[in-house]
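# Architecture at a glance
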Amino acid sequence: WYGRLPTKSELETLSKGLRTNRSLPADVVKAMKQMPKEALPMEVLRTTVSMLSMYDADAEDNVREANIRKAIRLTAQIPTIVAYWDLIRNNKEVVAPKEDNSLAANFLYMLSGGKEPNEVSVKSLDIALILHADHELNASTFAARVAAATLTDMHSAIVAGICALKGPLHGGANQEVIKMLLEMGTLDNVEAHLDKMFERHEKVMGFGHRVYKTEDPRASHLRKMSQELGKRAGDTKWFDMSYKIEQIVKADKGLNPNVDFYSASVYYMLGIPNDLYTPIFAISRMSGWAAHVLEQYANNRLIRPLAEYIGEM
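Presented here is a report on the structure given in the accompanying data block. (Residues numbered from 1 in each chain as written. Predicted model: local features only at pLDDT ≥ 70, side-chain atom pairs only at ≥ 80, totals over all residues. Heavy atoms only, no water.)

Before going further, it helps to spend a moment on the environment of Thr186. Residue placement: Thr186 occurs in the loop between helix 9 (173-184) and helix 10 (190-199). The spacing of Thr186 and Trp238 is 52 residues in sequence and 8.4 Å in space, taken between C-alpha atoms. Aside from chain neighbours lying at most four places away, what touches Thr186 is Lys237 and Met241. (Helix = DSSP H or I, 4+ residues; strand = E, 2+ residues; numbered from the N terminus. Contact = heavy atoms within 4.5 Å.)

Quick look at the structure:
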């Protein structure tokens with residue numbers, strides 16, 4: 001957001017801003033409680049972020065200082081939206097966010113309904129959030145920048161990013177990975193299940209990348225985290241299955257795992273519901289989206305590709 005590392009006092013000011021802006025307006029929480037319980041978490045996130053613009057005093061102010069304030073608020077509020085929706089749809093009372101812990105710790109605290117998370121879980125989620133924070137011009141970031149290039153407001157640009165992230169070829173990939181692991185069920189079923197997928201020419205989600213032709217460096221960290229969480233729980237089943245899938249796909253297809261592959265087992269072992277995987281991606285990526293939107297505003301040119309007409313004259 002700033003182009004350089006902060007001083008100690010600047011970091012303290014930013015951290016305080018992120019801790020003290022976690023609450024949602026009462027009317028927004030009330031509106032969330034009226035939403036259909038079967039609504040997808042990404043639908044709720046998309047709609048609620050859009051609603052927040054109507055309660056933001058800086059909503060239509062596009063100067064940098066106002067946009068920084070909006071970026072801080074949205075980075076702090078998106079975890080609250082995701083945690084609140086899981087509580088609301090399960091008919092549980094929402095838990096007020098704390099102001100004395102990290103973003104990862106506070107999210108797990110709210111999601112659990114007010115239970116303090118253990119240190120390993122917090123560290124694992126924190127690392128996952130760092131690894132997902134930004135990744136050049138992926139689909140959602142590009143969508144956010146295209147919107148920002150029209151000089152629309154920050155909330156609208158972020159909603160555009162959320163809309164692109166919702167797609168299974170972008171943010172939804174790790175959700176598909178855990179579905180595959182659950183279908184396999186045990187380590188012994190991995191090989192036969194993959195053989196059937198290969199026969200049907202089905203895509204094995206969580207492998208390959210448009211940019212990386214070697215291993216996605218983010219996958220290296222998540223592989224280690226998946227193994228550590230399994231060891232801590234006394235059951236490395238999900239890591240063992242994932243590792244076996246990796247070896248087979250590498251040998252058979254020459255593809256390496258990407259960030260989505262091992263994040264699936266990490267989130268599953270943290271007890272996070274499968275359909276919250278993509279919203280958690282948004283919690284993290286908000287920081288990267290904001291950086292790109294701020295950069296677009298600072299040196300703006302309308303992103304308007306040309307089209308070539310190839311129909312009949």
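This paragraph deals with the environment of Ala291. Assignment of secondary structure puts Ala291 in helix 14 (residues 277-298). The partly exposed category is assigned to Ala291, whose relative accessible area is 26%. With 26 residues separating them along the chain, Ala291 and Ser265 place their C-alpha atoms 29 Å apart. (Buried < 20%, exposed > 50% of the residue type's maximum accessible area, 1.4 Å probe, protein only.)

Quick look at the side chain of Asn101 now. Within the fold, Asn101 resides in the loop between helix 4 (64-89) and helix 5 (103-111). Not counting residues within four places of it along the chain, the set of residues in contact with Asn101 comprises Arg19, Arg22 and Asn106.

This part takes up the packing of helix 3 (residues 41-52) against helix 8 (residues 154-165). Where helix 3 contacts helix 8, the two axes come as close as 9 Å, and the packing angle between them is 175°. Relative to helix 8, the element helix 3 lies roughly antiparallel. Contacts between helix 3 and helix 8 involve Met42, Leu45, Arg46, Val49, Ser50 and Leu52 from the former and His155, Ile158, Val159, Ile162, Cys163 and Leu165 from the latter. Within the contact of helix 3 with helix 8, the residues separate by chemical class into nine nonpolar, two polar and one charged. (Axes fitted to C-alpha atoms, helices over the stretch in contact; angles between N-to-C directions. Parallel < 35°, antiparallel > 145°, perpendicular 65-115°, else oblique. Nonpolar A, V, L, I, M, F, W, Y, C, P; charged D, E, K, R; others polar.)

A word on helix 11 (residues 217-233). When the terminal C-alpha atoms of helix 11 are compared, their 25 Å separation across 17 residues agrees well with the 24 Å that a helix rising 1.5 Å per residue should span. When we look at burial in helix 11, the residues that qualify are Arg218, Ala219, Leu222, Arg223, Met225, Ser226, Leu229 and Gly230. Contacts from the buried residues of helix 11 go to helix 6 (119-132), helix 12 (237-253), helix 13 (259-269) and helix 14. Gly234, located one to two residues past helix 11, shows a positive phi value of around 75°. (Expected span 1.5 Å × (residues − 1).)

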